Amino acid sequence: MEDCIEVILQEQRSGWFSRHRCSPNVTFLMGSAVAGVYGLWAMFCMPGLRVPFRLKVPFLPSTKEQTANVIKLLDGRKGRLADLGSGNGRLVFAASSMGFQCTGFEINSMLLTYSRSKAWWRGVPHNDVHFIKQDFWKADLSKYRNVTVFLAPAVMEVLEEKLLKELPEDARVIVCGFPFPHWPHSSTAGSGLNQVWAYDVHTAREASRTSAHLMSSGALALPNQLNIQCVIDNVK
């Protein structure tokens, strides 16, 4: 996770915890252990949520570098923001500090409690940051002009379809780590594991309409037809 749980209490100037700060290695090991346990727990021990297995993803904590890159690509924008699978809340708190009204969608009770506790300790107004226990796959996202995403590659194509159907024309989606397979990105920031991509919905819709038109008109099949004809001519 982004920090040790002690950090929450350090923000309240707890003397004991201020003398026992976690080293980076300890923090990394703790985060890895929590993520691994949660992955197994979320897949097998959360009855009643009925999230399709193929759409389940483990907790993937964003890094500080990723978060900074997300904020860069949100520069100049405002309004409501949804973080899909908010985890420990790092992206939500960063976006809130930039003036966004943020909603974090999270189905893991442990991570949800952590995020809500952190918001409470920081004194963040409920209207600015709101963490809800809801499956974002089943939520209507049409009221959000900004969406942040850090999910697994296997679900990104399905997410494309959902967001194209629901988001307003002027919405922007910021994706961490694993880009959309079909949408053309408007800009990018960072590199390697910390790279993030910005997608504007109106551009993605236009690209989708163009692709659908080409397929329906048979234009995309033309290169294959030409190749077949070339083979036939060579045989003759």
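The shown structure was predicted, so the numbers you read here are calculated from the model rather than taken from an experiment. (Residues numbered from 1 in each chain as written. Predicted model: local features only at pLDDT ≥ 70, side-chain atom pairs only at ≥ 80, totals over all residues. Heavy atoms only, no water.)

Caption draft 1: Just the overall build of the protein, in detail. Secondary structure assignment for the protein yields nine helices and seven strands. Within the protein, residue pairs in contact and separated by at least 24 positions form 65% of the contacts whose partners lie at least 6 positions apart. With the model as given, the accessible surface of the protein reaches about 13100 Å², and the carbon-plus-sulfur share is 59%. (Helix = DSSP H or I, 4+ residues; strand = E, 2+ residues; numbered from the N terminus. Contact = heavy atoms within 4.5 Å. Areas by Shrake-Rupley, 256 points an atom, 1.4 Å probe, with all protein chains shown as cover.)

Caption draft 2: Representation of the layout of surface pockets. For the second largest pocket, the calculated volume is near 180 Å³. As for the second largest pocket, its lining consists of E157, E160, E161, L164, H182, W183, P184, A204, A207, S208 and S211. Looking at the lining of the second largest pocket residue by residue, the classes come out as five nonpolar, three polar and three charged. (1 Å grid on protein atoms, 1.4 Å probe; cavity = no way out; pocket = protein on both sides within 12 Å on 5 of 7 lines; lining within 4 Å. Points joined across faces, edges and corners; volume = space filled by probe spheres on them. Nonpolar A, V, L, I, M, F, W, Y, C, P; charged D, E, K, R; others polar.)

Caption draft 3: Fine view of the environment of D128. Along the chain, the position of D128 falls in the loop between α6 (109-122) and β3 (129-132). With 36 residues separating them along the chain, D128 and V92 place their C-alpha atoms 9.7 Å apart.

Caption draft 4: Region of the structure containing the packing of aromatic side chains. A full pass over the atoms with the stated rule returns eight aromatic pairs. For the ring pair W120 and W121, a centre distance of 5.0 Å and an interplane angle of 70° mean the geometry is edge-to-face. The class for W121 is partly exposed, based on a relative accessible area of 29%. Through successive ring pairs, a cluster of aromatic residues spans F180, W183 and Y199. For the cation-ring pair, R122 lies above F93, with the distance from its terminal atom to the ring centre recorded as 4.8 Å. (Phe/Tyr/Trp six-rings, centres within 6.5 Å; stacked < 30°, edge-to-face > 60°. Buried < 20%, exposed > 50% of the residue type's maximum accessible area, 1.4 Å probe, protein only. Lys NZ or Arg CZ within 6 Å of the ring centre and 35° of its normal.)

Caption draft 5: Region of the structure containing the pattern of salt bridges. Evaluated as defined, the whole model comprises five salt bridges. Between R145 and D170 there is a salt bridge, with the nearest N and O atoms lying 2.8 Å from each other. Of the two residues, R145 sits in the loop between β3 and β4 (146-149) while D170 sits in the loop between α7 (156-166) and β5 (172-176), which places them 25 residues apart along the sequence. Residue classification places R145 among the partly exposed positions, given a relative accessible area of 27%. Residue classification places D170 among the partly exposed residues on the basis of a relative accessible area of 38%. The partner of D200 in a salt bridge is R172, and the shortest N-O contact between them spans 2.8 Å. Of this pair, D200 sits in strand β7 (residues 196-200) while R172 sits in strand β5, placing them 28 residues apart in sequence. (Salt bridge = Lys/Arg side-chain N within 4 Å of Asp/Glu carboxyl O.)

Caption draft 6: Fine view of the sheet that holds strand β6 (residues 187-189). Strand order in the open sheet formed by seven strands is β3-β2-β1-β4-β5-β7-β6, with mixed pairing between adjacent strands. Since the sheet does not close on itself, it has two edges, and those belong to β3 and β6, each with one partner. Pairwise comparison of adjacent strand axes, ignoring direction, gives a mean angle of 20° for this sheet. Across four bridges, the pairing between β4 and β5 is parallel. Bridge pairing in β5 links V149 to V175. In this fold helix α5 (residues 90-97) packs onto β1 (80-84), β2 (101-105), β3, β4 and β5, with an angle of close to 155° to the strand it touches most, β3. (Pairing = 2+ DSSP bridges. Axes fitted to C-alpha atoms, helices over the stretch in contact; angles between N-to-C directions.)

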